[in-house]
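For reference, the chains in residue letters:
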Amino acid sequence: MATVIDGKAISAKVRAEIKAEVDKMTVKPGLAVVIVGEDPASKVYVRNKAKGCEEVGFYSEVHELPESTTEAELLALIERLNANEKIDGILVQLPLPKHLDEKIVINAIRADKDVDAFHPINTGKIMIGDYDFLPCTPAGVMRLLKETGVEVSGKKCVVVGRSNIVGKPQAMLLLQQNGTVTICHSRTADLKKECLEADILVVAIGKAKFITGDYVKPGAVVIDVGMDRDENGKLCGDVDFASAEPKASAITPVPGGVGPMTIAMLLTNTLKAARLFGKK
Ligand code: NAP
């Protein structure tokens, strides 16, 4: 039987650590979350982020803009937030409506307030291992591994998915901890063969229950980043938990695995930003 990694409990622990630190601060860290349009999933994420801020004692602002917002209007808001000393972290919820250029918008956020770590300066810093902020989801995965006592050094790590927000930075973080890393994607010739070599298998492809037990080496640690819907509309991951769990030594469930860590890491980054701005 695999250890089921309890992301909810580990996230609660991280948030409690942050709250204890914030309770001692005279000036509270501040996070601004910007959402454009009516995407229901994005609205839930934004609500959860605001709730997370409240729980740890941060100052927070949510800016809900209509779908019709122009690029100039959005950039003007970012400019104001960039200059606002109450705000240490700025997060623009993605995806943006089609008429807005995500690249231009992300580049407009000050790198030292970019708590999502999507700005090219921050992604470049991750590449050379000299960073202030780590992207929240891959950082959450690393914390889950640490809290579970999984040693990365010397392990064969396979990351399935190469997105800029999950797969690529995930691979860099595993490499920085001395894992031997393979990145797989939709053109990988023999995905099953690659996965079967993994001591640590991280899956982020966005395909419900795609990775079954026959992709899992006996004793592997399986981290499922996916947030998908199954045939009944129920939330599930990219890994078929039922067939993978008996093979794994440890595995994350969905929900309750990686998901809760993402907000905890966003709060971690915002606290770090506030400290770097000299808040005490
Ligand atoms: P994405 O941008 O759509 O990227 C998906 C990646 O998976 C791509 O690199 C793609 O390869 C690869 N892929 C797709 N089908 C594949 C296949 N059959 N075999 C091998 N590789 C395949 O997705 P993402 O933003 O990284 O998100 C991935 C999943 O994680 C989604 O379910 C998302 O909802 C979830 N997610 C969860 C959290 C969280 O907080 N828990 C945060 C972010 C994302 P190509 O590059 O070749 O197309």
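In this text the structure is predicted, and so the values were computed from the model without any measurement. (Residues numbered from 1 in each chain as written. Predicted model: local features only at pLDDT ≥ 70, side-chain atom pairs only at ≥ 80, totals over all residues. Heavy atoms only, no water.)

Draft legend 1. The overall build of the protein chain, seen in detail. Looking only at helices and strands, the protein chain has 10 helices and 11 strands in total. Scaling as 2.2 N^0.38, a compact globule of 280 residues should have a C-alpha radius of gyration of about 19 Å, and the protein chain matches this with 19 Å. Dimensions of the protein chain, computed from C-alpha atoms along their principal axes, come out at roughly 50 × 40 × 35 Å. Considering only contacts within the protein chain whose residues lie at least 6 apart along the sequence, 70% involve residues at least 24 apart. Summed over its atoms, the accessible surface of the protein chain is roughly 13200 Å², and 55% of this surface lies on carbon and sulfur atoms. Seen as two clouds, the 36 positive and the 37 negative side-chain charges of the protein chain have centres 3 Å apart. (Helix = DSSP H or I, 4+ residues; strand = E, 2+ residues; numbered from the N terminus. Rg over C-alpha atoms; globule rule 2.2 N^0.38 Å. Contact = heavy atoms within 4.5 Å. Areas by Shrake-Rupley, 256 points an atom, 1.4 Å probe, with all protein chains shown as cover. Lys, Arg positive; Asp, Glu negative; His and termini not counted. Charge placed at Lys NZ, Arg CZ, Asp CG, Glu CD.)

Draft legend 2. Examining the site of the ligand more closely. Close to the ligand lie 22 residues; R162, S163, S186, K207 and T262 are nearest. In this structure, a nitrogen atom belonging to the ligand sits 3.5 Å away from a main-chain N or O atom of H185. The backbone of V225 places a nitrogen or oxygen atom 3.5 Å from an oxygen atom of the ligand. Grouping the amino acids of the shell around the ligand by side-chain chemistry returns 10 nonpolar, nine polar and three charged. (Near = heavy atom within 4 Å. Polar contact = N/O pair within 3.5 Å; in protein donor to acceptor, adjacent residues only side chain to side chain. Nonpolar A, V, L, I, M, F, W, Y, C, P; charged D, E, K, R; others polar.)

Draft legend 3. Focus on the packing of aromatic side chains. According to the stated counting rule, one finds one aromatic pair in the structure shown. On the basis of an interplanar angle of 55° and a centroid distance of 6.4 Å, the ring pair of F210 and Y215 is categorised as tilted. A cation sits over an aromatic face here: K113 above F277, 5.7 Å from the ring centre. (Phe/Tyr/Trp six-rings, centres within 6.5 Å; stacked < 30°, edge-to-face > 60°. Lys NZ or Arg CZ within 6 Å of the ring centre and 35° of its normal.)

Draft legend 4. Summary view of the nonpolar core. Ranked by internal contacts, the top residues of the largest apolar core, which has 51 residues, are I18, F58, L145, L174, I200, V202 and I223. In terms of residue count, helix α10 (residues 259–276) provides more of this core than any other element does, nine residues in total. Here this core gathers at least three residues from each of two domains, domain 1 (25–112) and domain 2 (136–259). A2, L201, V239 and A244 belong to the second largest nonpolar core, which has 18 residues in total. (Core = buried A, V, L, I, M, F, W, Y, C linked by side-chain atoms within 4.5 Å. Buried < 20%, exposed > 50% of the residue type's maximum accessible area, 1.4 Å probe, protein only. Domains from an automatic or database assignment.)

Draft legend 5. The domain arrangement of the protein chain, seen in detail. Domain boundaries in the protein chain define domain 1 (25–112) and domain 2 (136–259). Distance between the C-alpha centres of domain 1 and domain 2: 29 Å.

Draft legend 6. Here's a closer look at the sheet that holds strand β4 (residues 89–92). With respect to topology, three strands assemble into an open sheet ordered β3-β2-β4, the strand pairing being parallel. Only two strands of the sheet have a single neighbouring strand rather than two, namely β3 (59–65) and β4. Geometrically, the sheet is characterised by an average inter-axis angle of 15° between neighbouring strands, direction not taken into account. When strand β2 (residues 30–36) meets β3, the two strands line up parallel, connected through seven bridges. Its bridge partner lying in β3, L31 is registered against S60. (Pairing = 2+ DSSP bridges. Axes fitted to C-alpha atoms, helices over the stretch in contact; angles between N-to-C directions.)

Draft legend 7. Layout of α10. Given a rise of 1.5 Å per residue, 18 residues ought to cover 26 Å, and the 27 Å separating the end C-alpha atoms of α10 matches this to within 8%. Every buried residue belonging to α10 is among M261, I263, A264, M265, L266, L267, N269, T270, L271, A273 and A274, and all of these are buried. On its buried face, α10 is in contact with α1 (7–23), β2, α2 (40–56), β4 and α6 (136–147). The positive-phi residue at the C-terminal boundary of α10 is G278, with phi of around 90°. (Expected span 1.5 Å × (residues − 1).)

Draft legend 8. Inspection of the state of the cysteines at higher detail. Scanning all chains against the criterion turns up zero disulfides. Left without a disulfide partner, C136 is nearest to the cysteine sulfur of C53, which lies 11 Å away. (Disulfide = S-S within 2.5 Å.)

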